[in-house]
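Topology and contacts: notes
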Amino acid sequence: MKTTAELKAEAKNALRGKWGQAVILNLIPTLLTVAVLFFVVLSGVIWFFIHGSGDNMISSVSEYQQNNASGGGTSLVSSIISALFMSGISWTYLDLIRGERTHIEPLKDAFRGFQGVFIGGVILLALLTNIFTTLWTFLFIIPGIVKAYAYSQSYFIYYDQIQQTGEKPKVLDTITASRRLMDGHKGRLFWLDLTFIGWYIVIALTLGIAYLWVAPYISATKAAFYEDLQANI
């Protein structure tokens, strides 16, 4: 098995000469998220000023809060959309790690997860892994974290199965395959995540700007981690 330093070096090598493309690739979902949040906030402000004046202000505010009580559902939808973007981005870095491609096509690669052959499976993976992780979290925080790591390779496995066989695997089988692949390696991935803490501090200090450069590095390293797991089955 490769060391953390070797995985990071492999990621840097795969991104060499492609950092500009990688930044744009990660910028696309970020800009779309900001646009959606802006639209939601603007809609709320407009709604408030139209319905929240005069004697009806208190009741209107109460009604507005009730209309936004479905935050859990909104969070789940956000997780699914994030999974659609991040799966396609991660697959792109996996292809680079494997030497199956030499460049990044940001506008195309950012939406790979939305393609017909992938979208249904990715949505189900996001839905089920979120549900399973949440249920484990209800028992205690630690089991939820452990299961999150156990399911972490599901999107890579799903992608590989389609690429290799041309057929869509069953989502539950994919989750099970990830759990088995991660058996004995969850601590290793946890340590890999810990080694990026310094970079997360840099992201915070730059008000999130550094994320555009750090995110490709982290995603490519995670792709290298998956490839190393597969190579040592």
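Residues numbered from 1 in each chain as written. Predicted model: local features only at pLDDT ≥ 70, side-chain atom pairs only at ≥ 80, totals over all residues. Heavy atoms only, no water.

**Thoughts on helix α7 (residues 141-150)**
Since one α-helical turn is 3.6 residues long, residues separated by three or four positions face the same way. The condition is simple: Residue exposure (1.4 Å probe, protein chains only): buried if accessible area is under 20% of the type maximum, exposed if over 50%, otherwise partly exposed. To qualify as a helix, a DSSP run of H or I must reach at least 4 residues; to qualify as a strand, a run of E must reach at least 2; elements of each kind are numbered from the N terminus. Working rule for contacts: check all heavy atoms of both residues, and any pair within 4.5 Å makes them a contact.
When α7 is considered as a whole, its buried residues turn out to be Gly144, Lys147, Tyr149 and Ala150. Taken together, the buried residues of α7 touch α6 (116-139), α9 (171-181) and α10 (186-194).

**Focus: the environment of Thr129**
This is how it is decided: Residues adjacent in sequence count toward polar contacts only when both atoms are side-chain atoms; beyond that, a polar contact is any pair of N or O atoms within 3.5 Å, and within protein one must be able to donate a hydrogen and the other to accept it.
Its location among the elements puts Thr129 in helix α6. The buried category is assigned to Thr129, whose relative accessible area is 9%. Residues Thr129 and Ser154, 25 residues apart in the sequence, show an inter-C-alpha distance of 8.9 Å. Among all residues touching Thr129, those that are not within four sequence positions of it are Tyr151, Ser154, Tyr155 and Ile175. A distance of 2.6 Å separates a polar side-chain atom of Thr129 from the backbone oxygen of Leu125. At 3.4 Å, the side chain of Thr129 forms a polar contact with the backbone oxygen of Ala126.

**Considering the nonpolar core**
Basically, it comes down to this: For our purposes a nonpolar core is just a set of buried Ala, Val, Leu, Ile, Met, Phe, Trp, Tyr and Cys residues, chained together by side-chain atoms within 4.5 Å.
If you look at the biggest cluster of nonpolar residues, it comprises 49 residues, and the most contacted ones within it are Trp91, Tyr93, Phe118, Val122, Tyr155 and Phe225. Each residue touching Phe118, except ones within four places of it in the same chain, is listed here: Trp91, Arg112, Gly113, Tyr158, Tyr159, Ile162 and Gln163.

**A short note on the UniProt feature "transmembrane region" (unreviewed entry) in the chain**
Stated precisely, the cut-off is as follows: UniProt positions are given in the numbering used here, feature names are shortened, and annotations may be inferred rather than shown by experiment.
On the UniProt side, "transmembrane region" (unreviewed entry) is annotated at positions that read residues 23-50, 71-94, 114-142 and 189-214 here. Overall, residues 114-142 shows 90% helix and 0% strand. The separation of its end C-alpha atoms is 32 Å. Segment residues 189-214 splits into 73% helix and 0% strand. End C-alpha atoms: 17 Å apart.

**Quick look at the packing of aromatic side chains**
Rule in force here: The aromatic pairing rule takes the rings of Phe, Tyr and Trp, using the six-membered ring of Trp, and pairs them if the centres are within 6.5 Å, calling planes under 30 degrees apart stacked, those over 60 edge-to-face and the rest tilted. Lysine and arginine charges are scored as sitting over a ring when NZ or CZ, respectively, is within 6 Å of the ring centre and within 35 degrees of the ring normal.
If you walk through the whole model with that rule in mind, you get 11 aromatic pairs. Put simply, the rings of Phe85, Phe111 and Phe114 pair up and form one aromatic cluster. The ring of Phe196 has Lys8 sitting right over it, with the charged end atom 4.4 Å from the ring centre. One Lys or Arg, Lys147, reaches over the ring of Trp136 and ends 4.7 Å from the middle of that ring.

**Here we look at the pattern of salt bridges**
To keep it simple, the criterion reads: Whenever Lys or Arg places a side-chain nitrogen within 4 Å of a carboxyl oxygen from Asp or Glu, that contact is recorded as a salt bridge.
Here the structure, examined in full by the defined rule, presents 8 salt bridges. Two residues, Asp95 and Arg112, come together in a salt bridge whose shortest N-O distance is 3.2 Å. Separated by 17 residues along the polypeptide, Asp95 in helix α4 (residues 71-98) and Arg112 in the loop between α5 (106-109) and α6 bring together distant segments of the chain. With a shortest N-O distance of 2.8 Å, Asp160 and Arg98 are connected by a salt bridge. Of this pair, Asp160 sits in helix α8 (residues 154-165) while Arg98 sits in helix α4, placing them 62 residues apart in sequence. Residue classification places Asp160 among the buried positions, given a relative accessible area of 5%. Residue classification places Arg98 among the partly exposed positions, given a relative accessible area of 25%. Overlapping salt bridges bring together Asp95, Arg101, Asp109 and Arg112 as one network.

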